[in-house]
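Per-entry structural report
Each chain, written out:
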Amino acid sequence: MRLAVRTLVFVVGGAIALPIVIGAQSTPATARSETRIQLADLLLGDQRYWEAIQVYDQAKEGATQEQLVRASTGMLGALLRVAEFTRAQREAEYLRGLDPQGPKALALSGDALWAAGLFDEAEQTYRDVLAIHPESGGARNGLAKSLATRHQFDEALDWAEAALEVSPDLAVFHHTLGYIYQLMHRFPEAADAYQRYVDLLSVGINSEKVDWARAQVTFLRSFGDRPAIQFADPGRVHTIPFRLVRDKVIVRVRVNGRQAVDFVLDTGAEQTVLTQRVARQVGVQAVTSILSAGVGEIGLRGLQAGRIESLQIGSLEITNLPALIKSPPLGGLPTPESEGFSPLALGLSMTLDYGRKLLIIGQELPDEPADFVLPLRQHRLTVVRGVVNGEFPRSFVVDTGGEVISISRGTADLLPPMTVRLVPIKVYGTSGWDDQAYLMPGVDLTFNQLQYRNFSVVVLNLHRPSALLGFHIGGIVGHKFLRDYRVTLDLKRSVMKLTKL
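Described below are features of the structure shown in this document. For clarity, every value in this text was computed on a predicted model and none was experimentally measured.

1. Things to note about the overall build of the protein chain
- From N to C terminus, the protein chain includes 16 helices and 24 strands.
- Out of the 501 residues in the protein chain, the part that is buried amounts to 54%.
- Long-range pairs, those at least 24 residues apart, make up 63% of the contacts in the protein chain between residues at least 6 apart in sequence.
- Of the roughly 22,000 Å² that the protein chain leaves accessible, carbon and sulfur atoms contribute 51%.

The structure is reproduced here in structure tokens:
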């Protein structure tokens, strides 16, 4: 958050050449606030977000009500762009207090709730905005994203296009459109939308999200005219046996018709994942490099993306699907990296029966009763809502490839300081070792009626994956959470069902 003096001098020099308008009735304090707001607006427009945040914050001192609204609005937009999601949520609450009926303030508040992983509250806020101001492009775009997390793709697409009717030159709206097309497996349209997103950004702007979009354009267009992610028997429900090895669900998978190999069932992965060695064996070629994020000191990790011609798991056959290749491989891990498969990443629902060791996969699953039913959403990863210490609602990634129940460091920072010693532990993930992980005792977790009292959780640094996904990952639930149940992740009904074994 530091603002270098020489940088500030340069910007002010440029700003002096622009018309900075200060009202005739202004006081020295309000004139100073006005100058700072206009400077911060310039910094924001130049994508110098951290500097803009500092200047907006300074502009609040001595500001009028109208100036406070403008400063808070700009500051909130900048905070969201640098993935300061917890701080953005606090700023959104402040802004709503200043301007409770302002459509722009309300829409930005919805974006802040979304970024905090509070999808239900965000969706309701977007609907509230549209009730007051039906032409709000921000609310239309937000509602499109929210509907997509509940697999209501046709309606989401309508709202995304409606947002672009209002603001056709707003880059982020094209990004939303591309993402929805990608979820619908309409890769050519998705590539076109992502390309418009990149083209509309200022020349020379580089960010992780932009780099990801550029790589997506290249990758999606590599499919050409081939229909992406095709199922041999779309209406069939497939039952596949699995093995449980060191708390990992293992299934046998045949890639490109070659000899079957072991894959970890990994719902914490966005795509099917191959190691470099297996990719070479089955003839999967890299098309482009792409950023991935996960647990570990590396945080962001460059991987390669390729196309699998065919994949078979038991009676389930899929053609033309994306894959990530772990190349270059990570070294220094206690066990070699493995292949991973997630039905959820392909838009398929699944039931994992730990008792009978059966994996059931289908586009639509029978509606069965359960002991616990949790609302579920999917935004690149599948999440359920949990409440920490009865006070902090958060989104938890459902990760069958993970082992423990964890919370993010950002979530842990919200809790009262512990009076007991926090135990450092060594944890490794897809991005290497997390040397700063620790065990936090005495935490209460609630998932609807399912409760964990005085529980010990692992605290992980999840900032980089959160930034890449666009929302705060509050925590992860893995094997220790799932193992005692028949677990159904039903994307069509947007629920996770748990039935005691």
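2. Quick look at the environment of Leu 200
- Locating Leu 200 in the fold gives a position in helix H11 (residues 187-200).
- On the basis of relative accessible area, Leu 200 is assigned to the partly exposed category, the value being 37%.
- When the C-alpha atoms of Leu 200 and Val 172 are compared, they prove to be 9.1 Å apart, with 28 residues separating the residues in sequence.
- Apart from residues no more than four positions distant in its own chain, Leu 200 is found in contact with Pro 168, Asp 169, Leu 170, Ala 171 and His 174.

3. Things to note about the packing of helix H4 (residues 65-81) against helix H6 (residues 103-115)
- The contact between H4 and H6 brings their axes to 10 Å, and the two run at 25°. Judged by the angle between their axes, H4 and H6 are roughly parallel. In this structure, the crossing between H4 and H6 has a hand that is left-handed. Of H6, the residues touching H4 (which contributes Thr 73, Leu 76 and Leu 80) are Lys 104, Leu 108, Ser 109, Asp 111, Ala 112 and Ala 115.
- Among the residues making up the contact of H4 with H6, the classes are represented as 5 nonpolar, 2 polar and 2 charged.

The rules behind each value
- Residues numbered from 1 in each chain as written.
- Predicted model: local features only at pLDDT ≥ 70, side-chain atom pairs only at ≥ 80, totals over all residues.
- Heavy atoms only, no water.
- Helix = DSSP H or I, 4+ residues; strand = E, 2+ residues; numbered from the N terminus.
- Buried < 20%, exposed > 50% of the residue type's maximum accessible area, 1.4 Å probe, protein only.
- Contact = heavy atoms within 4.5 Å.
- Areas by Shrake-Rupley, 256 points an atom, 1.4 Å probe, with all protein chains shown as cover.
- Axes fitted to C-alpha atoms, helices over the stretch in contact; angles between N-to-C directions.
- Parallel < 35°, antiparallel > 145°, perpendicular 65-115°, else oblique.
- Left-handed = near helix turned anticlockwise from the far one by under 90°.
- Nonpolar A, V, L, I, M, F, W, Y, C, P; charged D, E, K, R; others polar.

All quantities given are derived from atomic positions and should not be read as evidence of function.
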